[in-house]
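Structural description and commentary
Here's the letter readout for the chains.
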Amino acid sequence: MYHRRHVKLSPMPKELKELEPLINKCVLCGGCHPDCPTYTLSRYEHDAARGKVLLAQALLKGELPPSPELAQKFDHCLTCMACTQACPAGADPAKVIVAARNEVRKGIGGGFIRNFIFAKILPNRLAMPFLAAAMKIGSRLFSILPWLPGMGKFTVGGDKKILPEFFTTSLKSEYPQVVPAAGKRLMRVAYFTGCMADWVFQKSGRGVIGILSSAGADVLLVKDEVCCGAPAYFSGDMVNAGLMAEKNLKAFMAMEVDYIVTSCATCGSVLKEIYPELLGGADAQKFSAKIIDFQKLLVDRLMPKIPAPTGAEPKIKVTYHDPCHLSRGMKVVAEPHRLLQKLPGVEYVEMADANACCGGAGTFSASFYADSLEIGKRKAQNIMASGAQIVVTECPSCQMQLMDLMARYAPGVKVLHTAELLAKVLTGR
Ligand code: SF4
Ligand code: SF4
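Residues numbered from 1 in each chain as written. Chains lettered and ligands numbered in written order. Predicted model: local features only at pLDDT ≥ 70, side-chain atom pairs only at ≥ 80, totals over all residues.

Neighbouring residues of ligand 2: 16 residues in total, closest C26, C29, G31, C32 and C87. Every element with two or more residues in the shell around ligand 2 is listed here: helix 3 (49-61) and helix 5 (82-86). Residues of the shell around ligand 2, tallied by class, amount to 13 nonpolar, two polar and one charged. (Near = placed C-beta within 6 Å. Helix = DSSP H or I, 4+ residues; strand = E, 2+ residues; numbered from the N terminus. Nonpolar A, V, L, I, M, F, W, Y, C, P; charged D, E, K, R; others polar.)

This next bit is on the site of ligand 1. Residues in contact with ligand 1 amount to 15 residues; listed here are only the nearest, C36, C77, C80, A82 and C83. Of all the secondary-structure elements, those providing two or more residues to the shell around ligand 1 are helix 2 (37-42), helix 3, helix 5 and helix 6 (93-108). Looking at the shell around ligand 1, its residues break down into eleven nonpolar, two polar and two charged.

Turning our attention to the sheet that holds strand 3 (residues 178-179). The five strands lie next to each other as 3-5-4-6-7, forming an open sheet whose pairing is mixed. In this open sheet, the two strands that pair with only one neighbour each are strand 3 and strand 7 (291-293). Helix 13 (residues 265-279) rests against strand 4 (187-192), strand 6 (259-262) and strand 7 of the sheet, and its axis sits at about 150° to strand 7. (Pairing = 2+ DSSP bridges. Contact = placed C-beta atoms within 7 Å. Axes fitted to C-alpha atoms, helices over the stretch in contact; angles between N-to-C directions.)

The next thing to look at is the nonpolar core. Formed by 126 residues in total, the largest nonpolar core has its most connected members in Y191, V261 and Y275. Once residues lying within four places of it in the same chain are set aside, the contact partners of Y191 are V208, I209, V219, L220, L221 and V261. (Core = buried A, V, L, I, M, F, W, Y, C linked by C-beta atoms within 7 Å. Buried ≥ 20, exposed ≤ 12 C-beta atoms within 10 Å, placed from the backbone.)

The predicted model of the protein chain has a mean per-residue pLDDT of 92, with 96% of residues at 70 or higher. Here residues 1-13 is a poorly scored stretch, pLDDT under 50, and it has 28 contacts once near neighbours within four places are set aside; other chains count. (pLDDT = per-residue confidence, 0-100.)

Per the domain assignment, the segments of the protein chain are domain 1 (16-108), domain 2 (113-160), domain 3 (172-301) and domain 4 (309-427). Relative placement of domain 2 and domain 4: their C-alpha centres are 25 Å apart. Between domain 2 and domain 4, the contact holds four residues from the first and four residues from the second. For the side of domain 2 that touches domain 4, the per-class residue count stands at two nonpolar, no polar and two charged. (Domains from an automatic or database assignment.)

Quick look at the sheet that holds strand 8 (residues 316-320) now. Read from one edge of the open sheet, four strands run 9-8-10-11, paired in parallel fashion. Of all strands in the sheet, those with a lone pairing partner are strand 9 (346-348) and strand 11 (414-417), marking the two edges. Put simply, the sheet's adjacent strands are angled 35° from each other on average, direction ignored. With three bridges connecting them, strand 8 and strand 10 (residues 390-393) associate as parallel partners. Note that in strand 10 the partner of Y320 across the bridge is V392. Strand contacts of helix 21 (residues 418-427): strand 8, strand 9, strand 10 and strand 11, with the helix running at about 95° to strand 11, the strand carrying the most contacts.

Right, dumping it as structure tokens:
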């Protein structure tokens, strides 16, 4: 059981031991191999879900001790959930892998990221401006200096990784606590911006707020919001993920709203799917039931507010990349495609394998940059083959990866968040 400082809810932790029934479901069929990006890349069994499930079993039985080498084996996974989707036996390998990361880190220690960033910075909203400033300075130095200690792996084929711009004032600080609906109010929503829309991709956050309010929603911004906890959770740090979950639950459940809207696939899937597991209890279930993806909310409830195409407007060719945590995590699959098909001024073209992982996966691309690019190459080829001028998606981690991929392979193709595209075609901004 996890030790938590504040949680008073009935916990439903997912220690590896508790996932033994899932591990035992694996019938070793290999059905998870064809869709696994890391296995497709290396062809090593330990890079496939089946191999990792067997490693988790050995760890659990004490046949393999926790070690940095074993940690690296479990870390070399995008948590894309393609294996979980493909598994005919219901073994949910992606969940087993995250729990195995936790088990190994309990044995070898968490290091600086876990003990400082996850424990002290991300759960503390007052610390975020300092992290953003450090990221801003770090990314500037990385782009202008020929070499920085520890950053050599982010130069591949002579080109450096493309980094987004970091801001030192938050998006939320630009707005009042409630942005009122323009015209007749249809609903009241809270917007969970997530760290990336708040500090990095602020244009997409402005797009979400503007579109929701012009479509008839009062939009509440919650100043006590902290990181959703995804970086900690996917690194197997359930204690700090639970701490962040608890803080957000408290902050958002104090609001009387119809929905809590997310515009980041990873935040959304963690808030909706993982918080009930981390926290348990009726409040976490109620919170989860209110979480809705921005694109889904538009299509399900606010579509009549989006002007229909007249057929006369000049068209831009747009394709869509399905973020894994949105399509496999939140199960939002059809809505984004339907939304783009109905937008005035947009010719929607479907790329091949739109739901294949882009290779970004947050910390994966930081730890295994060259592999992340290699996995993303197929995505870049599919985008180019679609003939699109713009690729849109709804995940900041995918956005960063696609920006990097397009800079390398297709410099003419723009990468936008769905909300940015909507703002562009509907309001010209
Ligand atoms: S989550 Fe994705 S990368 Fe990891 S084992 Fe499963 S299919 Fe492979
Ligand atoms: S994890 Fe599922 S798909 Fe993969 S080998 Fe085991 S039973 Fe088969």
